[in-house]
Amino acid sequence: MNSSKFILGCLLLASFFIACNSQTSSNIEESPENATEADSNYQPEMYQASELVVLMRKMYEENKVLKEKIKNGELPEAMPEDYNNILTATPTRPEEIKQSFFSMANLYLDNYKVMTNADKNNVLSAYNNLISTCVACHQSYCMGPIPKIEKLYIK
């Protein structure tokens, strides 16, 4: 009886090691580090930001600087010319862009011009109105950056 338990235990232990070993070797074979010469052209997919994302990130960074200038009593300069590319830059998912996006983008451009024409008494509200335009658009398209954008408001 003891020898049959010993043999059964050895078989179970051996099957455990075989199962673990075969799982590990199949994972190793699939990893890019162990690719064969035929697979040597393996390139992992890297995230590539769309033109629109790159432009909006630039606009965000420049609006952070603009926020500080306004807080220090400076008036904004003319809108950067490349902001007009918001209407033509390739989005991440072009099929999701509707006419409302273009309406909001044009409103942003108009609000930026209003802000640059504002005097010291009105520039703060004009700036916050500009940021509200960003938030309103992002409520329909790509909600992820809204908390970040809301930090641009001047209290």
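Structure first, text after, so check above.
Below: a short report on this structure.

Description of the state of the cysteines
1) Next: In the structure shown here, the tally under the stated rule is 0 disulfides.
2) Next: C137 carries a free sulfur, and the closest cysteine sulfur to it, the one in C134, is 8.1 Å from it.
3) Next: For C137, a relative accessible area of 10% gives the class buried.
4) Next: A disulfide-free cysteine, C142 has its sulfur positioned 9.6 Å from the sulfur of C137, the nearest such atom.
5) Next: Judged by its relative accessible area of 55%, C142 is exposed.

Structural notes on the nonpolar core
1) Next: Core analysis: the biggest nonpolar cluster contains 31 residues, and I86, Y108, Y112, M115 and Y127 have the highest contact counts within it.
2) Next: Among the secondary structure elements, those contributing two or more residues to this core are helix 2 (51-71), helix 3 (99-116), helix 4 (123-140) and helix 5 (146-150).
3) Next: A total of 8 residues in this core trace back to one element, the largest contributor, which is helix 4.
4) Next: If we skip the residues at most four places from it in the chain, Y108 touches M59, N63, Y83, L130, T133 and C134.

Digging into the pattern of salt bridges
1) Next: The tally for this structure, following the rule as stated, stands at 5 salt bridges.
2) Next: Its salt-bridge partner being K64, residue E61 comes within 3.4 Å of it at the nearest N-O pair. Note that E61 and K64 are positioned in helix 2 at a spacing of 3 residues, about one turn of the helix.
3) Next: Here E61 falls in the partly exposed class, since its relative accessible area comes to 39%.
4) Next: Here K64 falls in the partly exposed class, since its relative accessible area comes to 36%.
5) Next: Taken together, the shared-partner salt bridges in this structure form one network comprising K58, E62 and D82.

How each quantity is defined
Residues numbered from 1 in each chain as written. Predicted model: local features only at pLDDT ≥ 70, side-chain atom pairs only at ≥ 80, totals over all residues. Heavy atoms only, no water. Disulfide = S-S within 2.5 Å. Buried < 20%, exposed > 50% of the residue type's maximum accessible area, 1.4 Å probe, protein only. Core = buried A, V, L, I, M, F, W, Y, C linked by side-chain atoms within 4.5 Å. Helix = DSSP H or I, 4+ residues; strand = E, 2+ residues; numbered from the N terminus. Contact = heavy atoms within 4.5 Å. Salt bridge = Lys/Arg side-chain N within 4 Å of Asp/Glu carboxyl O.

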